[in-house]
Amino acid sequence: MTITFYYGSGSPYAWKVHLALEHKALPYERKVLSFDAGDTRKPQFLALNPRGRVPTIDDSGYVIYESNAIVEYLDDAYPGRGEPLFPGDAKQRGVVRRLVAEVDNYVYPAVDKVLENGEEQDAAAIDAGRAAVAEELRLYTRSFRGPYLAGPLSAADFALYPYVAFLFRVQLKRIPGLRAEELLTPELTAWRARIEALPFFSRTYPPHWGQP
């Protein structure tokens, strides 16, 4: 088994897969691509993924891209490695899949509106973005079924965490007045700490971000 993981540091989609690889305790080789250098548009990468997007993995010649497809593939292909990404019975796995879809369809667009803002944006635009994110995260909190989103640690946690981390990153670098910590419910604040305390977490954290 040889898994090559192509990713861009800090990409939330790639981060999801990175967390999944570590959670499954799978051996892999990292290939960091530079967006600024145009690595994702180079012929050798387009031969793997014609869309020129990360993440992409090459598992001994089997190439798959799109983060959710990769995560599901890893769980199906290596059921005996590490912990399952979609644990439990069919109903519990359905909850995990629903939570992942909600991140893609609702949380991401809300966070993206905040990321579009900068210090040049007026306070009203930033407040509107904050309100949308706060509402989505509040709704997400209602899904808690234990220490993690669906009970045991799962793909749902790895889908949501990168966007929560991005809020704190944009506060540090672009919008000091974002007050990201106020957007998290007490349950999500505790959940964030549990994710960051995972033994493999530091291996996935973007090195150019400094400390979480």
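Since this is a predicted model, take the numbers as computed values, not measurements. (Residues numbered from 1 in each chain as written. Predicted model: local features only at pLDDT ≥ 70, side-chain atom pairs only at ≥ 80, totals over all residues. Heavy atoms only, no water.)

Caption draft 1: Geometry of the sheet that holds strand 4 (residues 62-65). In spatial order, the strands read 2-1-3-4; together these four strands make up an open sheet with mixed pairing. Two strands bound the open sheet, and with one partner strand each, they are strand 2 (29-32) and strand 4. The average angle at which neighbouring strand axes cross in this sheet is 20 degrees, direction not considered. Bridge count for strand 1 (residues 3-7) against strand 3 (residues 56-59) is four bridges, and the pairing is antiparallel. Bridge assignment links threonine 4 to a residue of strand 3, and that residue is aspartate 58. Of the strands in this sheet, strand 1, strand 2 and strand 3 touch helix 1 (residues 12-23), which is tilted by about 155 degrees from strand 1. Across the sheet, helix 3 (residues 67-77) lies against strand 1, strand 3 and strand 4, angled at about 135 degrees from strand 4, the strand it touches most. (Pairing = 2+ DSSP bridges. Helix = DSSP H or I, 4+ residues; strand = E, 2+ residues; numbered from the N terminus. Axes fitted to C-alpha atoms, helices over the stretch in contact; angles between N-to-C directions. Contact = heavy atoms within 4.5 Å.)

Caption draft 2: Structural detail: the pattern of salt bridges. All told, the structure shown has 10 salt bridges when counted by the stated rule. Across the salt bridge formed by lysine 31 and glutamate 29, the nearest N and O atoms sit 3.4 Å from each other. What makes lysine 31 partly exposed here is its relative accessible area of 35%. A salt bridge links aspartate 39 to lysine 42; its shortest N-O distance comes to 2.9 Å. Relative accessible area serves as the criterion here: at 33%, lysine 42 is assigned to the partly exposed category. When salt bridges with common partners are traced through the structure, they connect Arg130, Arg179 and Glu182 into a single cluster. (Salt bridge = Lys/Arg side-chain N within 4 Å of Asp/Glu carboxyl O. Buried < 20%, exposed > 50% of the residue type's maximum accessible area, 1.4 Å probe, protein only.)

Caption draft 3: Up close: the nonpolar core. Counting 65 residues, the largest nonpolar core has Ile57, Leu74, Leu160, Leu167 and Trp191 as its most contacted members. When neighbours within four sequence positions are excluded, leucine 160 is seen to be in contact with Val103, Val107, Leu137, Tyr140, Leu149, Leu188 and Trp191. (Core = buried A, V, L, I, M, F, W, Y, C linked by side-chain atoms within 4.5 Å.)

Caption draft 4: Expanded view of the packing of helix 1 against helix 3. The geometry of helix 1 relative to helix 3 is characterised by a closest axis approach of 9 Å and an angle of 10 degrees between their N-to-C directions. Of the possible angle classes, the one that applies to helix 1 and helix 3 is roughly parallel. Of the residues in helix 3, those in contact with Tyr13, Lys16, Val17, Ala20 and Leu21 of helix 1 are Ser67, Asn68, Ile70, Val71 and Leu74. Class assignment for the residues of the contact of helix 1 with helix 3 results in seven nonpolar, two polar and one charged. (Parallel < 35°, antiparallel > 145°, perpendicular 65-115°, else oblique. Nonpolar A, V, L, I, M, F, W, Y, C, P; charged D, E, K, R; others polar.)

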